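Structural description and commentary
This is what each chain is made of:
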Amino acid sequence: MGGGNTFKEMSKNILLISDQVLIDRTAIHGNIDPKMLYPDIKTAQDMYILPLLGTALFDKLQAEILAGTLAGEYKTLVDDYVIDCLIHYVLMELPSTLAFQMFNKGAVRSSGENLETASFSEVVSMAERYKRRAEYYAERCKRYLIEQSSHNYFPEFINPGSGADTVHPYGGTFSLPVYLGNECKGGNNRGYISNCCI
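In this report, the structure presented in the accompanying data block is examined. (Residues numbered from 1 in each chain as written. Predicted model: local features only at pLDDT ≥ 70, side-chain atom pairs only at ≥ 80, totals over all residues. Heavy atoms only, no water.)

**Things to note about unusual backbone geometry**
The cut-off we apply is this: Runs of H or I in DSSP of at least four residues are treated as helices and runs of E of at least two as strands, each being numbered from the N terminus. A simple rule labels every residue: compare its accessible area, found with a 1.4 Å probe on the protein chains alone, to the largest value its type can have, and call it buried under 20%, exposed over 50%, or partly exposed in between.
With a phi angle near 70 degrees, N152 is a residue other than glycine that sits in the positive phi range. Tracing the backbone shows N152 in the loop between α5 (120-149) and α6 (155-158). In the Ramachandran plot, F154 falls in the positive-phi region, its phi being about 50 degrees despite a non-glycine side chain. By secondary structure assignment, the location of F154 is in the loop between α5 and α6. Residue classification places F154 among the buried positions, given a relative accessible area of 0%.

**Observations regarding the environment of E135**
Along the chain, the position of E135 falls in helix α5. On a C-alpha basis, the gap between E135 and Y48 in space is 9.5 Å, while along the polypeptide they are 87 residues apart.

**Digging into the environment of L50**
The test is simple: In what follows, a contact means two residues having at least one pair of non-hydrogen atoms within 4.5 Å.
For L50, the location among the structural elements is in helix α2 (residues 38-53). On the basis of relative accessibility, which here comes to 16%, the residue L50 falls in the buried class. Placed 119 residues apart in sequence, L50 and P169 show a C-alpha to C-alpha distance of 7.8 Å. Apart from residues lying up to four places away in sequence, L50 is in contact with Q45, T55, F58 and V167.

**Here we look at the packing of aromatic side chains**
To be explicit about the condition: Each pair of aromatic rings taken from Phe, Tyr and Trp, with Trp reduced to its six-membered ring, is defined by centres within 6.5 Å and is described as stacked if the planes are under 30 degrees apart, edge-to-face if over 60, and tilted in the remaining cases. Here, a charge over a ring is recorded when the distance from Lys NZ or Arg CZ to the ring centre is within 6 Å and its angle to the ring normal is within 35 degrees.
Within this structure, the stated rule accounts for five aromatic pairs. Each ring, one from Y74 and one from F154, has its centre 5.3 Å from the other, and the planes form 85 degrees; the classification is edge-to-face. One end of the pair, Y74, is in helix α4 (residues 72-99); the other, F154, is in the loop between α5 and α6, with 80 residues separating them in the sequence. What makes Y74 buried here is its relative accessible area of 10%. Aromatic pair Y136 and Y137: ring centres 5.1 Å apart, planes at 70 degrees, arrangement edge-to-face. With relative accessibility at 46%, the residue Y136 sits in the partly exposed group. Over the face of the ring belonging to Y130 we find R129, whose NZ or CZ atom lies 5.4 Å from the ring centre.

Next comes the structure, spelled out in structure tokens:
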């Protein structure tokens, strides 16, 4: 994941990827101010990665990253599964953030010299494209965690905690625009915690 300070700390929240990782592994232009990226990295990991991993595993990864001790199967999880997923969720959130900025006069559309800004429909289309990729990587990560936890790896995934603010790993990674009901079929997949049975 590169040398130097790969991860950034924002307040008391540890970011799982740095702005440089995001720039190096995507089509994001290198002249973007990193402070424009941090809020969407934080939002994406809280809204999408935390529910994918569950509280205990998410906290474990953040603690290991902060301490600089990420190793073994946890490093494999981050390097090979979480980063790809998180990058695409950030890219899903980023177009509208970069297209509009908040000033004392309100929301202002960004524009530059010799550049044509994308239309709203193009921004939505771009976000949808990255969402599909993110959901693919999320499903891949979920399947890896289910398989590995059945071999006694990642015990935090099976036991995410019991507090009122505990986030349990959810069963679905793809979103549908159609409501299919809340019916619970019962049981779970090889120990994987299903949100319909909680």
